[in-house]
Amino acid sequence: LQKRARPLRFIVFDKHPGGVGIAAAAFRVARDVFTAALELIESCPCDDGCPACIYDTMCKEFNFVLDKRAAAVVLRCALAGHGEAAVSVGSEAAR
């Protein structure tokens with residue numbers, strides 16, 4: 001098992017300098033966002049991931065580390081409450 005300097009977590013950020021409030025708004029509706037993301041992944045007909053479900057067309061690493069099945073597992077765990085203690089407003093994630 002790999003030791004991490006920081007706990008596993010979801011990272012949501014605004015690309016706009018200074019932000020426009022998207023990350024804060026997404027945090028308030030995280031459960032709905034995770035549910036919608038899981039539904040999108042599970043309903044996508046592709047096998048391994050595509051731009052319609054998990055790929056980012058702007059990814060400089062060509063989405064090399066993204067995995068459709070793993071994304072679904074992570075979202076299911078988040079929705080089930082596993083790792084919930086690591087999520088809090090104003091915590092390290094907001095820094």
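Residues numbered from 1 in each chain as written. Predicted model: local features only at pLDDT ≥ 70, side-chain atom pairs only at ≥ 80, totals over all residues. Heavy atoms only, no water.

S.K.: Would you explain the overall build of the protein in this entry?
M.R.: The helix and strand inventory of the protein stands at three helices and zero strands. Each of the 95 residues in the protein was classed as buried or not, and the buried ones make up 18%. For the protein, the accessible surface area stands at approximately 7800 Å², while carbon and sulfur atoms represent 61% of it. (Helix = DSSP H or I, 4+ residues; strand = E, 2+ residues; numbered from the N terminus. Buried < 20%, exposed > 50% of the residue type's maximum accessible area, 1.4 Å probe, protein only. Areas by Shrake-Rupley, 256 points an atom, 1.4 Å probe, with all protein chains shown as cover.)

S.K.: For this particular structure, what's the right way to read helix 3 (residues 68-80)?
M.R.: Since there are 3.6 residues in each turn of an α-helix, residues three or four apart along the chain are aligned in direction. With 13 residues, helix 3 should cover 18 Å at 1.5 Å per step; its first-to-last C-alpha distance of 18 Å lies within 8% of that length. Regarding helix 3, the residues found buried are K68, A72, L75, A78 and L79. Angular distribution of buried residues about the axis of helix 3 spans 125°; they occupy a single face of the element. Exposed side chains of helix 3 directed beyond 90 degrees from the buried face belong to R69 and A80. Residues of helix 3 that are buried in the fold lie against helix 2 (30-43). Backbone nitrogen of R69 and a side-chain oxygen of the N-cap are separated by 3.0 Å at the start of helix 3; the cap is D67. (Expected span 1.5 Å × (residues − 1). Arc of directions from axis to C-beta. Contact = heavy atoms within 4.5 Å. Polar contact = N/O pair within 3.5 Å; in protein donor to acceptor, adjacent residues only side chain to side chain.)

S.K.: I keep staring at the packing of helix 2 against helix 3 and nothing clicks. Help me out?
M.R.: Helix-helix packing is characterised by the crossing angle of the two axes and by the distance between the axes. Packing of helix 2 against helix 3 brings their axes to within 10 Å, and their N-to-C directions diverge by 150°. In terms of axis orientation, helix 2 runs roughly antiparallel to helix 3. Note on packing geometry: the crossing formed by helix 2 with helix 3 is left-handed. Here R31, F34, T35, A37, L38, I41 and E42 of helix 2 come into contact with helix 3, specifically with K68, A71, A72, L75, R76, A78 and L79. Residue composition of the contact of helix 2 with helix 3, grouped by class: nine nonpolar, one polar and four charged. (Axes fitted to C-alpha atoms, helices over the stretch in contact; angles between N-to-C directions. Parallel < 35°, antiparallel > 145°, perpendicular 65-115°, else oblique. Left-handed = near helix turned anticlockwise from the far one by under 90°. Nonpolar A, V, L, I, M, F, W, Y, C, P; charged D, E, K, R; others polar.)

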